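Architecture and fold: a report
Here's the letter readout for the chains.
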Amino acid sequence: MYLEIVTTRPPATDLGFLLGKHPERCQSRELSFGKAHVFYPQADEERCAAGLFLEIDAVALSRSHNSSYADSFQLGHYVNDRPYAASSFLSTAIAKTFGSALNGTCKERPELAEAALPLEVTLSALSAAGGEEMIRRFFEPLGYVVDLETQLLDEQFPRWGASPYFKLRLRHTLPLKQLLRHLYVLIPALDNNKHYFINKDEVEKLLEKGRHWLPGHPAVELITRRFLKHRRSLAGQALERLAAADGQAEEAQPEREEEELEEKISLHQLRHQTVVEELKAAGAQSVLDLGCGSGKLLRLLLQHGQFARITGLDVSYRALEIAKRRLNWDTMSPRLRERLHLLHGALTYRDKRLEGHDAAVAVEVIEHLDEARLGAFERVVFEYARPRTVILTTPNAEYNALFETLSAGTFRHRDHRFEWTRAEFRAWGEGVAARRGYRVRFAPIGPEDERHGAPSQMAVFY
Ligand code: SAH
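Reading the values: the criteria
- Residues numbered from 1 in each chain as written.
- Predicted model: local features only at pLDDT ≥ 70, side-chain atom pairs only at ≥ 80, totals over all residues.
- Heavy atoms only, no water.
- Pairing = 2+ DSSP bridges.
- Helix = DSSP H or I, 4+ residues; strand = E, 2+ residues; numbered from the N terminus.
- Axes fitted to C-alpha atoms, helices over the stretch in contact; angles between N-to-C directions.
- Contact = heavy atoms within 4.5 Å.
- Near = heavy atom within 4 Å.
- Polar contact = N/O pair within 3.5 Å; in protein donor to acceptor, adjacent residues only side chain to side chain.
- Areas by Shrake-Rupley, 256 points an atom, 1.4 Å probe, with all protein chains shown as cover.
- Nonpolar A, V, L, I, M, F, W, Y, C, P; charged D, E, K, R; others polar.
- Buried < 20%, exposed > 50% of the residue type's maximum accessible area, 1.4 Å probe, protein only.

**As for the sheet that holds strand 10 (residues 340–344)**
With mixed pairing, 7 strands are arranged side by side in an open sheet as 10-9-8-11-12-14-13. Each edge of the sheet is formed by a strand with only one pairing partner; in this case those strands are strand 10 and strand 13 (440–445). Going from strand to strand, the sheet's axes swing by 15 degrees on average, the running direction of each strand aside. Both strand 8 (residues 286–290) and strand 9 (residues 309–314) contribute to a ladder of 5 bridges, which runs parallel. Across the sheet, the residue bridging to Ser-286 is Arg-309, located in strand 9.

**Structural notes on the sheet that holds strand 4 (residues 48–56)**
Pairing within the open sheet is antiparallel, and its 7 strands lie in the order 2-3-4-1-5-7-6. Each edge of the sheet is formed by a strand with only one pairing partner; in this case those strands are strand 2 (27–31) and strand 6 (145–152). Each strand of the sheet is rotated relative to its neighbour by a mean of 15 degrees, with strand direction disregarded. The sheet contacts of helix 8 (residues 176–190) involve strand 1 (2–7), strand 5 (117–127) and strand 7 (162–174), and relative to strand 5 the element is tilted by about 15 degrees.

**Focus on the site of the ligand**
Taken together, 18 residues surround the ligand, and among them His-268, His-272, Gly-291, Asp-314 and Val-363 come closest. Within the side chain of His-268, an N or O atom sits 2.8 Å from an oxygen atom of the ligand. If the ligand stood free it would expose 570 Å²; the protein chains cover 94% of that surface. Its residues placed into classes, the shell around the ligand shows 8 nonpolar, 7 polar and 3 charged.

**Structural notes on the pairing of strand 2**
When strand 2 meets strand 3 (residues 34–43), the two strands line up antiparallel, connected through 5 bridges. Residue pairing across strands places Leu-31 opposite Gly-34, the latter belonging to strand 3. Hairpin remark: strand 2 followed by strand 3, antiparallel, with 2 residues in the connecting loop.

**Side note on the environment of Val-276**
Checked against the element boundaries, Val-276 lands in helix 13 (residues 267–281). Relative accessible area serves as the criterion here: at 2%, Val-276 is assigned to the buried category. Taking the C-alpha atoms as reference points, Val-276 and Val-361, 85 residues apart in sequence, are found 9.7 Å from one another. Setting aside residues no more than four positions away along its own chain, Val-276 makes contact with Leu-297, Leu-300, Leu-301, His-304 and Phe-307.

As structure tokens, then:
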């Protein structure tokens, strides 16, 4: 198994400082499953390439108790892809040989650890459950340019066809520590096989290496589940902690208080999922997310290729900044970034940029507007922007009686200007539809209580 990391920023030999390995020396290290060798095929001012060659001892592996080959057929103990394919062994080798670079420390030149460098990575063979699509899905949202070459099963017998392995080349400009953390997590998540027993330690490793970037990744759940080999309880724990790590810096976020209150039923996710289903059913390709907040719905929309143009608008500049960060805007691949637009603007003023979309969504937004401004909102959305489909959600005030921690007569969030009963929402929605030439239907969101209805309510105008 061979991994090569190249930089072309002069003096390129700085890579030696960063990796803590001198370019003029070849160094080897014993690992429990084989040997790792680090050397530099090239070390010039303009271009420096560092190679990590991993020798895996398949026989030693087969003897290890934790080996997943322990229960496979005999020959498989000795003849398998582990010595050649990138897998969790490589992650372990990266941690053992490039530990300080992975942690982002560089004793001699600390500023280098933070510097974004043009980097190119080559992996000799990568197997991925889900193939090319999965590899792109994991790396492209992080901003990598991905080149894949399929490998023949045997070069002497081309008619045997392609092997399940790819030669992978990644290019990106970013700090080396980030690159190593991405590889550390994504390679084992792509690989089908894991040589070691998965336990709580793996959750810690995932959090440590993934906490800065994984929460904002559109495939965070899939990556987490696959890294933890589909051990459900561990994946659940990891996802919860990743979400918490993500929220820490965002205490002032408008949605938080409301979400905490509603947490038990994870209502917010349900709203977003319901909205996505409605948008799909409506056949929308261009979607406006009005009052997009920190971009949770945007992230979900990006996962569905159907939505070719996604535009988020919010009046809060800070919310947009958080959205950008959580969506990894700065390092997002050109393909994804092309689909996404973020606009700073208010929903109560006519805005030409909102015209020409198939659908508009405002999830838990109208209750943040002064009731007196609802008329302006109505005109902006239904008269000027005028998409074929408009989906609005808002709390159902009747349900508040069931929130133990909410005292009577108060709203779920201090910025709410009103909260409507089902009848109030219906009366307003039917009025809008009649005035603006739309039809409308209403649906509950969340578990329905016989007397108080569901916690949230949705109107779909079409
Ligand atoms: N739709 C998001 C956020 C809901 S919170 C979600 O589902 O998670 C309400 C959002 O509406 C906040 O981000 C707030 O900044 C935004 N907002 C409030 N008044 C607005 C206005 N007049 N114009 C645009 N956005 C507004």
